[in-house]
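# Observations on chain architecture
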Amino acid sequence: GSTSINFDGGDANNYFNEGSPGVTLDNGSISIAALPTINVYPDNGLLTVGDNLQFNVSGGTAPYSWFVTNPAIASISSSGLLTANAHGFTKVYAIDNIGTRDTITGLIEIRAMQLSIHDTTEWQGATIDIPIYTTSLSGLGIMSGNTSFTYNQNILTPTALITTGALLNGYTVSFNNTIAGTVSIGFAGTAPMGGSGKLCYIRFDISSVNTGGSSLNFTEALFNEDLPATTDNGYFSTINFSTINVSPNTYTLVAGETHLFSATGGIPPYTWGTSNTTMATIDASGLLTAHHSGIVQVTATDNVGATGSSGNITIYDTYLDIDNASAMVNSIYDLEVNISGFPVGQDVYSFDGTITYRTPELVAISIEPGPQTAGWTFVSNISGNQISFAGAGTSPLTSAGTLFKIRFQLTSDLTVGEFAYVNFSNITLNEGVPLPLTSNGGITGAAGILLNLKVFLEGPYNGTNMNTDLRTAGSIPLSQPFNPTLPFYDNMTPKWLYAGSENVGSIPANVVDWVLVQLRDATAPANATSAAIIGTQAGFILSNGTVVGLDGSSPLNFNTTFSNNLYAVVFHRNHLAVMSNYGLTSGGGTFNYDFTTGADQAYGGVNGHKDIGSGVWGMIAGDGNGNGVVQNTDESSVWKIDLGNSGYLGGDFSLNNIVQNTDESNFWKPNLGGGGQVPAKASSGYQSQVPD
């Protein structure tokens, strides 16, 4: 502060001699300044041996001199940088250039070691070993210790203390994870610890459901009961699973069928599984195979454990289909109910159910047995537009076939081209197993003649049915092939030449090739010449030998009539044609004929077709130019020309989409020696027996 210093009393009290000479008074003042001060900061600190801490000062007059009160544990540089050298306590003070001094009021504590947990991440659902690190313990005589830290129990679950490869390996350790959210560790040994690095690991299971993170905060770190350690907390974060989408989400399969599933999202590759491996299994590529009826879910687990699941995959044991058929109006027709194959041990001994149908177009008459249920007992009850039925037998149905037939009267209310539905209301096989996936059907009114033929081609026949290699290769033309550009190889007049316009948008399933069918009206097969032709159509032959219309399933329908006997002729472009040896008869509104069952089924017998294996008869391969004879020109002008090429070719007698040596050796050459000739280079062999 300051104060004034004034002359008291003026001239009367302040003079020289008796007043002369005179004086002039000038008052004054004095100012008092505070003693100089400085301020050292920070005022306290917690360090680990080897750490540094920068001190600063405010006030005073530079330069400053720095000091510690305990130079045995710390040193400080001229710039105020303190270095921790040993554990203990000290203070710091500074003196400025004029001797002003300041000492911190707190303490600098130096601890001998530090425990730390590093920040880390890992995938949901994984297991992680999180290390606890320590600075050097050498020379400290550490024989025991304990530490604990907290964690988020919604994210992490501690399961074990791991010492392998860590400093505590070989020490007696304790691990306590019984208090939710806290892990405690204790250790003791007979030899002092040394070194730095990983003290130990704590193994955690990471939640596969919850996401986020967990602070890992030390609550205690004490060695030898009197040496506390500094701590550096860590943080754990989940790497969140991606969403795994399984496709398709829902699907329907029948036992024995497969379907390829796919997954998106996450990190491939995926591991596949099903919720019930007795119902369905899935391989490493995602291909699901159905075994028996039930509902399963498909799961996909990615490379880091993220899992996705499909919805319900429904599995049935077998197909049960009501046929879709065409039948002549005002006729009686037996509509088939067919069953596919089913798992082993699920033989069918009985069934019962209800079927509805369209009235008045259809009138149900009865339930009739199929070929495999002949001898069973059947009962039925007809009421309105439904028929309830049951069937049972002592000889079970053990494989695919016709379970039963529904006999209908087609009334005049059913017009040509009109569809009358026939639908399952319910059906049970045995006591519920096998479980069928049902498919409804019906009858379309037709005029004229419905033709149901069965015939095999020698070339693609494999001992059971026929291969469909041409369809698989996409080589079958969409338009009927019996009107080619002439000459067809070396022939201007193929026996099957036909100018019809039959065509499709795509080739139906199970098609082997096109065939051409003629109907002939004659008193005897010998009289069924070309003059007796009353109808011609191109259609498809399926792998099971059935000849069908352009939809791939319906019988051929000829809008014509006949007055004598009805004979069917089947042509193929490189097989010899066959004609039925007997007049066709109507059964259930359809004219049926099977060429495959015996030699006498084809006109000409063993000269008209051949045994192609185990008593199965088929059309003869090798007529490459369609002239009705297997002869040398089928080799020289057809097979040799096409050899080595692929596609829809006359020289491909096996119909496998490629012309190769086996077409000659397996088909042309043996059939050149047909009809009783020696299989050699004869001028001709088998010849079509169809009357010209």
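All figures in this text were calculated on a predicted structure; none of them were measured in a lab.

### Considerations on helix α3 (residues 661-672)
Between its first and last C-alpha, α3 extends 15 Å over 12 residues, near the 16 Å set by a 1.5 Å rise per residue. Along α3, the residues classified as buried are Asp663, Glu664, Phe667, Trp668, Asn671 and Leu672. For α3, the arc enclosing every buried residue in end-on projection is 130 degrees, short of the 170-degree limit, so these residues lie on one face.

### Section: the sheet that holds strand β47 (residues 441-446)
Read across the open sheet, the six strands follow the order β38-β47-β45-β40-β43-β42; overall the sheet is mixed. For this open sheet the edge positions go to β38 (324-328) and β42 (377-383), each flanked by a neighbour on one side alone. Here the strands of the sheet are splayed against their neighbours by 20 degrees on average, with no regard to which way each runs. Sheet analysis places strand β45 (residues 419-429) next to β47, joined by four bridges and oriented antiparallel. Across the sheet, valine 422 pairs through a bridge with glycine 441, a residue of β47.

### Side note on the sheet that holds strand β13 (residues 108-111)
Sheet architecture is open: three strands sit in the order β4-β13-β10, paired in mixed fashion. Edge positions in the sheet fall to β4 (45-48) and β10 (88-90), since each of these pairs with one other strand and no more. Geometrically, the sheet is characterised by an average inter-axis angle of 20 degrees between neighbouring strands, direction not taken into account. Here β10 runs beside β13; their pairing, made up of three bridges, is antiparallel. Residue phenylalanine 89 lies in a different strand from β13, and its bridge partner there is glutamate 109.

### A short note on the confidence of the model for the protein chain
In the predicted model, the protein chain carries a mean pLDDT of 94, and 98% of its residues have values of at least 70. pLDDT under 50 marks residues 675-682. Its contacts with residues more than four places away, or in other chains, come to 16 contacts.

### With respect to the packing of aromatic side chains
In this structure the tally under the stated criterion is 22 aromatic pairs. Measuring from centroid to centroid gives 5.0 Å for tyrosine 593 and phenylalanine 595, while their planes differ by 65 degrees, and the two rings are edge-to-face. You can call phenylalanine 595 buried: its relative accessible area is 1%. Site record: aromatic cluster; members linked through ring pairs are Phe351, Trp376, Phe378, Phe389 and Phe404. Here the guanidinium or amino end of arginine 101 rests over the ring plane of tyrosine 93, the centre of that ring lying 3.8 Å away. The ring of tyrosine 648 is capped by arginine 573, whose NZ or CZ atom sits 3.6 Å from the centre of that ring.

### A few points about the layout of surface pockets
Estimates place the volume of the largest pocket at around 1200 Å³. As for the largest pocket, its lining consists of 39 residues, of which Asp323, Glu336, Asn338, Asn544 and Thr546 are closest to the centre. Of all elements in the fold, only β37 (318-322), β38, β39 (332-339), β44 (401-410), β51 (546-548) and β56 (590-594) reach the threshold of two or more residues within the lining of the largest pocket. Per-element accounting of the lining of the largest pocket gives the leading share, five residues, to β39. Split into classes, the residues belonging to the lining of the largest pocket amount to 13 nonpolar, 20 polar and six charged. A volume near 360 Å³ is recorded for the second largest pocket. Lining the second largest pocket are 25 residues, with Lys495, Arg520, Phe571, Val690 and Asp692 positioned closest to its centre.

### A look at the side chain of threonine 560
Looking at the element boundaries, threonine 560 is found in the loop between β52 (556-558) and β53 (565-572). When its relative accessible area of 18% is taken as the criterion, threonine 560 is described as buried. Setting aside residues up to four positions removed in sequence, threonine 560 forms contacts with Gly448, Ile449 and Ile534.

Conventions used here
Residues numbered from 1 in each chain as written. Predicted model: local features only at pLDDT ≥ 70, side-chain atom pairs only at ≥ 80, totals over all residues. Heavy atoms only, no water. Helix = DSSP H or I, 4+ residues; strand = E, 2+ residues; numbered from the N terminus. Expected span 1.5 Å × (residues − 1). Buried < 20%, exposed > 50% of the residue type's maximum accessible area, 1.4 Å probe, protein only. Arc of directions from axis to C-beta. Pairing = 2+ DSSP bridges. Axes fitted to C-alpha atoms, helices over the stretch in contact; angles between N-to-C directions. pLDDT = per-residue confidence, 0-100. Contact = heavy atoms within 4.5 Å. Phe/Tyr/Trp six-rings, centres within 6.5 Å; stacked < 30°, edge-to-face > 60°. Lys NZ or Arg CZ within 6 Å of the ring centre and 35° of its normal. 1 Å grid on protein atoms, 1.4 Å probe; cavity = no way out; pocket = protein on both sides within 12 Å on 5 of 7 lines; lining within 4 Å. Points joined across faces, edges and corners; volume = space filled by probe spheres on them. Nonpolar A, V, L, I, M, F, W, Y, C, P; charged D, E, K, R; others polar.

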